[in-house]
Amino acid sequence: MIQPERWRRIDRIFAHLLELPREQRRAFLGEACRGDPELLREVERLLDADERNATFLERPAGELLGFPAPSPGTEEGSLLGPYRLLRKIGGGGMGTVYLARREDEHYQREVAVKVLRSGLESTEALHRFFAERQILARLEHPNIARLYDGGSTEDGRPYLVMELVEGLPVDQYCDRNRLTVEQRLDLFRRIGSAVQYAHQNLLVHRDLKPGNILVTAGGEPKLLDFGIAKRLAPESAEDLDRTRDGLRMMTPSYASPEQVKGEPVATASDVYSLGVLLYELLAGRGPFQLAPSGPSRGSLPHEIERAICEQEPERPSEALFRPGDPPPEEIARNRKTRPTALQRRLQGDLDNIILMALRKEPERRYASVGQLSRDLESHLRSLPVAARPDTLLYRGRKFLRRHRAGVAAAVLVVLIAAGFMASLMAQGRRLARERDKARYTLSFLVDTFKQADPYHTQGERLTAREILDRGANRVSHDFQSQPEVQAAVMDAIGEVDLGLGRYDEAQPLLERALALRRQIYGPESLEVARSLELLGRLKAERSDNAAAERLLRQSLALKRRLLGSDDPEVARTLNRLGAFLAEVHATPEVEKLHREALAIARRAEGPEGATVGESLVYLGKLKRDLGDYAAAEKLLREGVAVERRAVGERNPGLYGHQTVFGEILIELGKYKEAEALLRQSLAAQQKILGPEHPDIDITLNNLALAIQRQGRYAEAEALYRRVLVLMRAHYGPVDWRLGGTLGNLASVLNAQEKRREAIPYLEEALSMRQQIWGERHPLVAQALLLLAGTYRGLKDYDQALALARKALAILEETDGPDHPHTAFALREIGNNYLDQKRFAEAEPYARRVYEIRRKELPPQSPDLAKAKLALAKCLVERGEHGQAEVLLREAEPAMASEMVLDEAWVELIQNLKAEIAKGRPKERQAK
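Structure report, in brief. Being a predicted model, the structure only gives us computed values, none of them experimental.

Turning next to the overall build of the chain. Each helix and strand counted, the chain has 40 helices and 11 strands in total. Considering the chain as a whole, with its 927 residues, one finds that 52% of them fall into the buried category. When contacts within the chain are restricted to residue pairs at least 6 apart in sequence, those whose partners lie at least 24 apart make up 63%. For the chain, the computed accessible surface area is about 42,200 Å², with 53% contributed by carbon and sulfur atoms.

Next up on the list: the sheet that holds strand 10 (residues 221-223). By definition, the strands of a sheet pair up through backbone hydrogen bonds, in either a parallel or an antiparallel sense. Reading across from one edge, 7-9-10 is the order of the 3 strands in this open sheet, with antiparallel pairing throughout. A strand with exactly one partner marks an edge of an open sheet, and here the two such strands are strand 7 (167-169) and strand 10. Pairs of neighbouring strands in the sheet enclose a mean axial angle of 35°, with direction left out of account. In the sheet, strand 7 pairs with strand 9 (residues 213-216) via 3 bridges, with the strands oriented antiparallel. In the sheet register, Gly167 faces strand 9, and the bridge partner there is Thr216.

Below, the discussion takes up the environment of Lys670. With respect to the helices, strands and loops of the structure, Lys670 is situated in the loop between helix 28 (652-667) and helix 29 (671-689). Along the backbone, Lys670 and Pro862 are 192 residues apart, and their C-alpha atoms lie at a distance of 8.9 Å. At 2.7 Å, the side chain of Lys670 and the side chain of Glu633 are in polar contact.

Following both chains from N to C, one finds helix 29 and helix 30 (residues 694-709) inclined at 155°, their axes separated by 9 Å at the closest point. Comparing their axes, helix 30 and helix 29 come out roughly antiparallel. As for the relative orientation of helix 29 and helix 30, their crossing is left-handed in sense. In this structure, helix 29 uses Tyr671, Ala674, Glu675, Leu678, Arg679, Ser681, Leu682, Gln685, Gln686 and Leu689 to contact helix 30, whose residues at the interface are Asp695, Ile696, Thr699, Leu700, Asn702, Leu703, Ala706, Ile707 and Arg709. Of the residues contributing to the contact of helix 29 with helix 30, the split by class is 10 nonpolar, 5 polar and 4 charged.

Let us now look at helix 30. Its 16 residues place the ends of helix 30 24 Å apart at the C-alpha level, agreeing with the 22 Å of an ideal helix rising 1.5 Å per residue. Burial within helix 30 is extensive, with 13 of its 16 residues counted as buried. In the stretch just after helix 30, Gly711 is the one whose phi turns positive, near 85°.

Our focus in this paragraph is the packing of aromatic side chains. In this structure the tally under the stated criterion is 1 aromatic pair. With centroids separated by 6.0 Å and ring planes inclined at 40°, the aromatic side chains of Tyr833 and Tyr845 adopt a geometry described as tilted. Of the two residues, Tyr833 is situated in helix 36 (residues 820-835) and Tyr845 in helix 37 (residues 839-856); the sequence distance between them amounts to 12 residues. By the burial criterion, Tyr833 is buried, and Tyr845 matches it. The ring of Phe824 has Arg853 sitting right over it, with the charged end atom 4.4 Å from the ring centre.

This part takes up the pattern of salt bridges. Inspection of every chain in the model, using the stated rule, returns 61 salt bridges. A salt bridge links Asp175 to Arg335, with the shortest nitrogen-to-oxygen separation between them at 3.8 Å. With a gap of 160 residues between them, Asp175 in helix 5 (residues 170-176) and Arg335 in the loop between helix 12 (328-333) and helix 13 (339-346) connect regions that are remote in the sequence. Ionic pairing is found between Glu638 and Arg602, a salt bridge with its closest N-O pair at 3.9 Å. Note that Glu638 is positioned in helix 27 (residues 629-647) and Arg602 in helix 25 (residues 588-605), a separation of 36 residues in sequence. Three or more residues are tied together by salt bridges with common partners; here these are Arg530, Glu533, Lys559, Glu569 and Arg576.

Our next topic: the packing of helix 6 (residues 181-200) against helix 15 (residues 369-380). Look at helix 6 against helix 15: their axes get within 9 Å of each other, and the N-to-C directions meet at 155°. Taken together, the axis directions place helix 6 and helix 15 in an arrangement best described as roughly antiparallel. Both helix 6 and helix 15 take part in a crossing whose hand is left-handed. Listed contacts from helix 15 to Glu182, Leu185, Phe188, Arg189, Gly192, Val195, Gln196 and His199 of helix 6 are Val369, Gly370, Leu372, Ser373, Leu376, Glu377, His379 and Leu380. Classifying every residue of the contact of helix 6 with helix 15 gives 7 nonpolar, 6 polar and 3 charged.

Looking down a regular strand, the side chains alternate between one sheet face and the other. As defined by bridge partners, strand 5 (residues 147-152) adjoins strand 6 (residues 158-163) across 5 bridges and the pair is classed as antiparallel. Each bridged residue has a counterpart across the sheet, and for Asp149 the counterpart in strand 6 is Val161. The hairpin turn running from strand 5 into strand 6, its antiparallel successor, is 5 residues long, and Gly156 in that turn takes a positive phi close to 90°.

Residue Pro326 is bonded to the preceding Asp325 through a cis peptide linkage, with omega at 5°. Tracing the chain through its elements places Pro326 in the loop between helix 11 (316-319) and helix 12. The backbone of Arg178 sits at a positive phi, close to 50°, despite the residue not being glycine. One can find Arg178 in the loop between helix 5 and helix 6. Here Arg206, not a glycine, exhibits a phi torsion of approximately 75°, which is positive. Mapping Arg206 onto the fold places it in the loop between strand 8 (203-204) and strand 9.

Parameters and conventions
- Residues numbered from 1 in each chain as written.
- Predicted model: local features only at pLDDT ≥ 70, side-chain atom pairs only at ≥ 80, totals over all residues.
- Heavy atoms only, no water.
- Helix = DSSP H or I, 4+ residues; strand = E, 2+ residues; numbered from the N terminus.
- Buried < 20%, exposed > 50% of the residue type's maximum accessible area, 1.4 Å probe, protein only.
- Contact = heavy atoms within 4.5 Å.
- Areas by Shrake-Rupley, 256 points an atom, 1.4 Å probe, with all protein chains shown as cover.
- Pairing = 2+ DSSP bridges.
- Axes fitted to C-alpha atoms, helices over the stretch in contact; angles between N-to-C directions.
- Polar contact = N/O pair within 3.5 Å; in protein donor to acceptor, adjacent residues only side chain to side chain.
- Parallel < 35°, antiparallel > 145°, perpendicular 65-115°, else oblique.
- Left-handed = near helix turned anticlockwise from the far one by under 90°.
- Nonpolar A, V, L, I, M, F, W, Y, C, P; charged D, E, K, R; others polar.
- Expected span 1.5 Å × (residues − 1).
- Phe/Tyr/Trp six-rings, centres within 6.5 Å; stacked < 30°, edge-to-face > 60°.
- Lys NZ or Arg CZ within 6 Å of the ring centre and 35° of its normal.
- Salt bridge = Lys/Arg side-chain N within 4 Å of Asp/Glu carboxyl O.

This is how it looks when you write it as structure tokens:
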């Protein structure tokens, strides 16, 4: 009879065999049972039964030993608690994984259900199953598959309910999508973030390999299978027995030397496995050349283990040209490059980083996954990396340790002592830095603000800008040995400069602060996320759209990972990203960002928070851009009111949002209300921000537009010219805001019959917008239409029509045929034909404009009234006086209510009335 202790050893070996591919089981068995023929025979008995029966993995193991079979309870279609099993999607010797759906009154969700295989209820597998459940319950990370639930079947087998991850192993995903080296590094660093999180929760995964890292269709990696993960705690007696048995839980190709040797395993083991993974993702081959026929994973386990412990890995750049399958050309093609270019890309930093992760001695690898990730980030940013190539001195020490035990022991003692002292010194320095950081920062701020004291400056009076400039110069020199203090102060001064519109001064400070924070805190820190957002906002202000979007998206992703999805800071970043994207091109997809921000803000702040008001304002502005003016007005009224109650009357951001509201009131034809609101905003901004702040430029521009729409053209022109001077000083020769003011100035010149004077401004605006946005953008179309209207006024109808048709094609492509922006192009073409008295050709365009305007604008809108008058003119010419009279009757009071009519509109209305009056007798006679 087999003794219990003996059976536990057989059980542990057999349980591990079941998780290995069939072709590796015999080799592993020989290693695990070396020197114990009886143990080998006992395990082989179970293994032979497994391999003789094709359906063994579906049958209870107890049947092999003559025990009665338990009830299944896990057939497809059966229920486990509230989860219905749909079909088997995976499995192995330890258990079976099913696709399942939760079906109860709470909600429906597709999940993965992992069930322990029948017959293993009293084996090592059961203990590992429970351990995995405890581990997963502790982990909450976006790149780790989540545990939702757990329970037991009717026959007592435990099961886990997990997040359903549908994706490819990371190596297959990278090759199938032909990711570049940079894209692979970005993906790898997200995987590293998940592993580092597990380490911070005192867990070592111990089985990191492509099959346990799936990447979804959206490119998000998910870390799976913590079945052999180990807690970072003193080893239990069971762990020690397991080591003495020679059973090592691992996948040989990705195991560290200490795993292979059965030594204690810590986080450095996962660093090694990640090094193997990174090696394969970049070089397309494994680290060791075991056989000419293929990569290491096809070799026998004992060959792999010997290589791991004794061979030095090839440099990845050299392994690329190692004979084998796939050939170098295919590897490079899967990385969108050529073999020689890929080799050059891997040489240097990447070779050294990977080899440092793969060092035999755990203490010589990266101390953490975070350090490995930071070195990759430094490499991507062309900064020095911590990894260094092995030196001749190190190789000499290694030789002495291998061949002269006495010398090796002495050297080892010295190294350990030096390392211990270095660790103590480093810890002391960190504590001192934290202690001194606040003191140095406070001292700096006090000295900086003393610049405003006339006793301190001996009568010299300095402005706030001059104080900031002196502070920036000081921080660049005074704190070179205090990078944490330097980064914090640079970031603060850079943010103030950004708020003051001093973009040239802000940019170097914010860029330096970001670089310092990445070096100090690593890529996964809140400090880095905040620096990324500030720099993204600066890039947006400077019309560097590609850089702005990249930085804002990076900041948002990092804040989501660090703060979760219910933090107001995440909501504010969502709003800033959405507002930026809407400026580039408003789409319904952007609305999702603002809706999510609003939901987060309401959960965090209640109905009256500052972020709630901000979210409502941004959502309203987007609705305007999408053509839904009624929703835009409602959201903005609510948003500005909420924000005023939350932040008070002295907050400059409130008046910036009021300016946006004023712009929408103008588009709704509420010119007088808009003018009053904008004048209030202007007065408050000048008092709070000063008369030359860039935010005032937008308010002045919108105020001029409200005045122009009321027919006060000379007053509007003077304001536009003032704004133009301010904007050129604030933003330089090329900026998206400048293009809008140039167009507005030209339009008011046109209204005063100064068309030749308007053309240079319009051509500058068109060229600027094409440079910023490209050829096919709605703002480019707007500039084309303004230029078309000017040429039409000069009676150059062919040139005007060509420009208007080009604008119409852009708007129909980008915004759609029924968008309010498209109506502007239709109106311009219709007016072109009307001016030429080609009424039949004008009517289809006038009718489309009327239909679009009727849907989007309130009945009293002057823009809707203009559309009615244009259509009425076409109908009169066709003899349809009745319909024309109705339109004229509706339009006239709306035109008079908000603006002083200029002579052209007065003349058009009078002519229409006269023609309709003339047409009535003819109509009666015809009847």
